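Listed here are the chains, written in short residue letters.
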Amino acid sequence: MKRTTLSLIAGATALAAVTGFAALTAPEGTAAPEAAKTTTRLPVERVGLACPAPSSSEVAETVYTSYTPPGTEAGKAPDTGGDGAGRPTALLRPAAGATAEGGTGKDGKKPAAPKAPATVTAPGKPVTAEANGAAVPALTGSATGALAPGWTVQQTTVVPAGGSRGLLGLTCGAPDTDFWFPAASTAQARHDYVHLTNPDDTAAVADITLYGPEGVLKSQFTEGIPVPAHSTVPVLLSTLTAEPAQRDVTVHVTTRSGRVGAAVGVADDKLGSDWLSASADPSGSVVLPGIPADASSVRLVVFAPGEDDADLKVQLSTANGAIVPAGADTLHVKSGMTTSIDLPDLTRGSAASLFLGPEDPKRPVPVVAALQVVRGKGDKSEIAFIPAAGAISARATVADNRAKSSTLTLTAPEADAQVKVTASAGSGAGTPVSKTVTVKARTTTPLADLAPQGLKGAYALTVEPVSGGKVYAARTLAVPQDGVPMFTVQTLADDRGTVEVPSAHQDLGVLD
């Protein structure tokens, strides 16, 4: 007779079912079991990421920065599930399929992958690699063991000249099945590509739906888009519809099968280029953090995906508190239609965040949103995007920070909050430093003096809530070049480095 132990998943399901039954049927006057005693948090042991092809420009210069924060609340992840020798791994590999040059270089050869951009050997120190030109492919990869919890990869590209001029920044994303991208466009001056990258071993099938100011845009070739395993597919938005060009479009990407990483690459003939990341999930209240103090133009784009219209209060959070932007105190968003509004002279020299909430707190209507932000004037302008962000519940990290070039913006829309901010060692040298920051309710706090001591190279910033209300964060990286105030903004998302699993108080074995 052989004794076989149930898998963790089966055990979790069985224990959850038993716990739920007991809670529902406890006799009157008898305390139900405490849920906290049935679960525990453990570090994740494997995560995957996808980085789209960075640029179609021959003069593009791309840097990848890979980083895993040291430790988690539940302790360090075990060194298992790595490269077959029991060691943890964190690796990115070229995705097959289309690249900026259609999958091959001008000499007809397959482009070389960046030199091990994610060969992190231990948590706590960033690793960087460069990959230049138009033939750099999309990358997919995974981290295992102690390198998995909080693994972050930043893709930063400088295009000094041409139609794609600009600083393009992107935190490579985890695969998912549903993405919303407000602030995309099919206008003649814009060249917006949705990049679909499949990091998994099985094929995915994706759908793309476009919504303009009058509702759904009649589209073609948007259903059943195949994305082969470990492959990438870029789709030019303007080729998907024959309807007149739209300045503001919301893009909805879903998958029928499998998962993809998704991001929108934006190139504007006059304003430069950057990546548009997905908005946080639809919510009745929205936070858009990290508007630079010297923004010359801010445009808000909102979409209500449900059946109800949304009536929103618009508030600007500054260092001194929340105020109502002049002429933009409320916004009506019709169901299924993209709504936008220009917010001129919004920041008035102060870094800020934007809060959107229901006019009637009893009737919140979920929306998605993003900001298009411009710095500079005329031919010295540069564009970036700030999607709606989620609150940081446990920990969030952003990589590729540079001395005198990075600003971290924190905002607390509901109540005072304390957070711990840690600057890692540099990729070349440096001593990590941490500080505790108090963010007053309904204010925005910019921090520009966070570089570690003795810094050489790039460093990572990690934000961990300590006490108080919800905190939202964004990082601005500014790299001026030839008089152009090049910049990019990345909102910080919780790294989901730990996961709740049931605590097994008894043997869940079965007999064969």
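Residues numbered from 1 in each chain as written. Predicted model: local features only at pLDDT ≥ 70, side-chain atom pairs only at ≥ 80, totals over all residues. Heavy atoms only, no water.

A. Summary view of the pairing of strand E27 (residues 368-375). Burial analysis of E27 places eight of its eight residues in the buried class, the great majority of the element. Residues Val-368, Ala-370, Gln-372 and Val-374 point to one face of E27 and Ala-369, Leu-371, Val-373 and Arg-375 to the other, with burial holding for every one of them. As defined by bridge partners, strand E21 (residues 295-303) adjoins E27 across eight bridges and the pair is classed as antiparallel. What sits directly across from Phe-303, in E27, is Val-368. Here E27 pairs with strand E28 (residues 382-387) via six bridges, running antiparallel. By the bridge assignment for E28, Val-374 is matched with Ile-383. (Buried < 20%, exposed > 50% of the residue type's maximum accessible area, 1.4 Å probe, protein only. Helix = DSSP H or I, 4+ residues; strand = E, 2+ residues; numbered from the N terminus. Pairing = 2+ DSSP bridges.)

B. How the structure looks around the sheet that holds strand E31 (residues 417-423). The sheet built from four strands is open, its strands ordered E29-E36-E31-E33 with antiparallel pairing. Since the sheet does not close on itself, it has two edges, and those belong to strand E29 (396-401) and strand E33 (433-439), each with one partner. On average, each strand axis in the sheet is tilted by 25° relative to the strand beside it, whichever way the strands run. Relative to E33, E31 runs antiparallel, the two sharing seven bridges. Within E33, the residue paired with Val-421 across the bridge is Lys-435. (Axes fitted to C-alpha atoms, helices over the stretch in contact; angles between N-to-C directions.)

C. Molecular detail of the side chain of Thr-488. You can see Thr-488 is positioned in strand E38 (residues 487-491). With relative accessibility at 0%, the residue Thr-488 sits in the buried group. Within polar-contact distance, the side chain of Thr-488 engages the backbone nitrogen of Gly-169 at 3.2 Å. A polar contact is formed between the side chain of Thr-488 and the side chain of Gln-490, at a distance of 2.8 Å. Those residues in contact with Thr-488, other than ones at most four positions away along the chain, are Leu-167, Leu-168, Gly-169, Asp-274, Ala-384, Arg-475, Thr-476 and Leu-477. (Polar contact = N/O pair within 3.5 Å; in protein donor to acceptor, adjacent residues only side chain to side chain. Contact = heavy atoms within 4.5 Å.)

D. Structural detail: the state of the cysteines. If you walk through the whole model with that rule in mind, you get one disulfide. Sulfur-sulfur distance for the disulfide between Cys-51 and Cys-172 comes to 2.1 Å. Judged by the torsion about the S-S bond (115°), the Cys-51/Cys-172 disulfide is right-handed. Of this pair, Cys-51 sits in strand E3 (residues 46-51) while Cys-172 is found in the loop between strand E10 (166-171) and strand E11 (178-184), placing the two residues 121 residues apart along the sequence. The pair formed by Cys-51 and Cys-172 is uniform in burial state, with each residue classed as buried. (Disulfide = S-S within 2.5 Å.)

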